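A closer look at the structure
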Amino acid sequence: MAEVFVVVEAGVKKVTLEMLTIARGLGEVSAVVFGEADTAKLGEYGASKVYVATDSAIQDHLVAPKAAVIADLVREKQPAAVLLASTQEGKEIAGRLAVKLDNGLLTDAVEVAADGTATQVVFAGSGIVKSKVTRGLPIVTIRPNSVTPAPEAATPAVEQLTVTVSDADKLTKVVERVVEQKGSRPELTEAGIVVSGGRGVGNADNFKLVEELADLLGGAVGASRAAVDSGFYPHQFQVGQTGKTVSPQLYVALGISGAIQHRAGMQTSKTIVAVNKDAEAPIFELADYGVVGDLFKVVPQAADEIRKRK
Amino acid sequence: MNIVVLVKQVPDSGAERTLSPSDNTVERASANNVINEMDEYAIEEALKIKEAHGGEVTVLTMGPAGATESIRKALSMGPDKAVHVSDDALHGSCAVATSKVLAEALKTLNADLIIAGAESTDGRVQVMPHMLAERLGIAALTGARKLTVDGSQLTVERQTDEGYEVVTAATPAVVSVWDTINEPRYPSFKGIMAAKKKPVQALSLADLGVSADEVGTAGATSQVVEFSPRPPRSAGTKVTDEGDGGTQLVAYLATEKFV
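The structure displayed is predicted, hence computed values, not measured ones.

Strand order in the open sheet formed by 10 strands is β9(A)-β3(A)-β2(A)-β1(A)-β4(A)-β8(A)-β5(A)-β6(A)-β7(A)-β12(B), and the pairing between neighbours is mixed. Each edge of the open sheet is held by one strand with a lone partner, namely β9 (157-160) of chain A together with β12 (222-229) of chain B. Each neighbouring strand pair of the sheet contributes to a mean axis angle of 35 degrees, computed without reference to strand direction. Of the pairings in the sheet, the one linking strand β5 (residues 105-112) of chain A to strand β8 (residues 139-142) of chain A comprises 3 bridges and is parallel in character.

Moving on to the sheet that holds strand β12 (residues 220-223) of chain A. Across the sheet, 6 strands lie side by side as β12(A)-β11(A)-β13(A)-β14(A)-β15(A)-β13(B); this open sheet has parallel pairing. The open sheet terminates on both sides in strands that have one partner only, identified here as β12 of chain A together with β13 (237-240) of chain B. Between one strand axis and the next, the sheet turns through 15 degrees on average, direction left out of account. Across 4 bridges, the pairing between strand β14 (residues 271-276) of chain A and strand β15 (residues 289-292) of chain A is parallel. Its bridge partner lying in β15 of chain A, asparagine 276 of chain A is registered against valine 292 of chain A.

Let's shift gears to the environment of proline 79 of chain A. Residues and elements named next belong to chain A. Structurally, proline 79 is set in the loop between α4 (64-77) and β4 (81-85). Separated by 50 residues in sequence, proline 79 and valine 29 have C-alpha atoms that sit 9.6 Å apart. Not counting the four nearest positions on each side in its chain, proline 79 is found in contact with Ala2, Glu3, Val4, Phe5, Val74 and Leu137.

Between the first and last C-alpha of helix α9 (residues 295-309) of chain A there are 20 Å, a value that for 15 residues agrees with the 21 Å anticipated at 1.5 Å per step. Inspection of α9 of chain A places Leu295, Val298, Val299, Gln301, Ala302, Glu305 and Ile306 of chain A among the buried residues, and these make up the whole buried set. The buried side chains of α9 of chain A occupy one side of the element, clustering within an arc of 165 degrees when seen end-on. Of the residues in α9 of chain A, the exposed ones pointing more than 90 degrees away from the buried face are Arg307 and Lys308 of chain A. Buried residues belonging to α9 of chain A abut α6 (207-217), β13 (250-254), β14 and β15 of chain A together with α7 (245-255) of chain B.

Parameters and conventions
- Residues numbered from 1 in each chain as written.
- Chains lettered and ligands numbered in written order.
- Predicted model: local features only at pLDDT ≥ 70, side-chain atom pairs only at ≥ 80, totals over all residues.
- Pairing = 2+ DSSP bridges.
- Helix = DSSP H or I, 4+ residues; strand = E, 2+ residues; numbered from the N terminus.
- Axes fitted to C-alpha atoms, helices over the stretch in contact; angles between N-to-C directions.
- Contact = placed C-beta atoms within 7 Å.
- Expected span 1.5 Å × (residues − 1).
- Buried ≥ 20, exposed ≤ 12 C-beta atoms within 10 Å, placed from the backbone.
- Arc of directions from axis to C-beta.

Okay, here's the thing in structure tokens:
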């Protein structure tokens, strides 16, 4: 059986385990890891081989060196497919890889069939497309929260790669990495539960209510564009057309009207719950459970109730 | 500084969008087509750099004849001129082929700085800036929330999930921007009038030396084999808070095993 590459950009994330799970249906799984490799974890989810690329050029320059390493490895090993995470960086690597190999690519897949056909959710969650790469091997980026990671133990063989990075791949230097917000909350696109606040939250200070409910549920915090534009919450937490696309088990929308811009980023969530004082708000059209009411009364009461039940 | 802004015309993301049943390409003929929102931020950034450092701003669009409307809209914000790559053979082009055509067009423009929106609202693929950088052998600084120009040195704050990365490169380079970078200006009446007279150069595939079989549906590297509308979500239970809305909400979450 041919190899299938799963690209691990930085650390094993939930989407990595999802990719490993999908890759097992396509061939023999080989993880391509940049930096420190968590071989045990990758093996737990079925990686039979782990390629490790460590070179300062990879850390010090943006995206291009990673694409160069993968392209070389693809030429050498001729895998059946390459899977990457549908993150900004994953897509960028995929784009460069496609040009280097003169090969097709598919982004934001939620499923990949054994023949390489990918399923994509398009147009703000209003359509489903099945696509195929028709030139070269399938290069596919996988959207987080697409499948349930399933373990299948393997003992991976580790192979250290010799990295050669050309000057052309070193044109963009990363001089600093700044962490602005990092707490104990799960990452927005990978979280099983997301609690988001919108314009109705009123101000930045009131977002504490959203955060409190998120923490009680063990979820991530999101925000609508209206809330971000009003300066209530930082942009990296924006859910919607010009922000993140999330697909959690539970999405809680607080004070969010449900404009199409917002729906674009959350309507594939499994269960949607909304609290809004406007009974006519479009968010109720897609909510499995909606409460028409003042979020400043409903949310604290819900928080108390969750504490009571714990 | 010679700046080129990439502008794409897309179906309005606020309206219903679909694929054309005949060939599974994005349905543009019947859609309300608009300038890709993120590109307005790219234009604004280009204009700000021109205002501070001098130079010229050119809009580059690949798209059908009808894209002229978006080109004029872009020009009304202030760019000096536009280049419109249009050819019937381009219909159905994939990202890989699009990057080839745009790269050839960019070679004729000799840009110091190419600015693009971080993604388009139709495909949301996010690959074009890096594809172009790869083809042109120039730097890519993508996902910018801030761009500083100091002579030929570019510094970008690249937005990440956890904060940002400071990335630098020398020109020529491609920069892509998010909507956090600035607040695009509205075209003035004067700007709208002036846009009508600004030069728009038309380029065909032949002008660029790209053959028709490398692009369009014929030369596509991927293909949509099936499209189906996703069943719309239906509304579930809606209760009005009469003092116990929060408690009821948690009771629901408990039945769904979230609490």
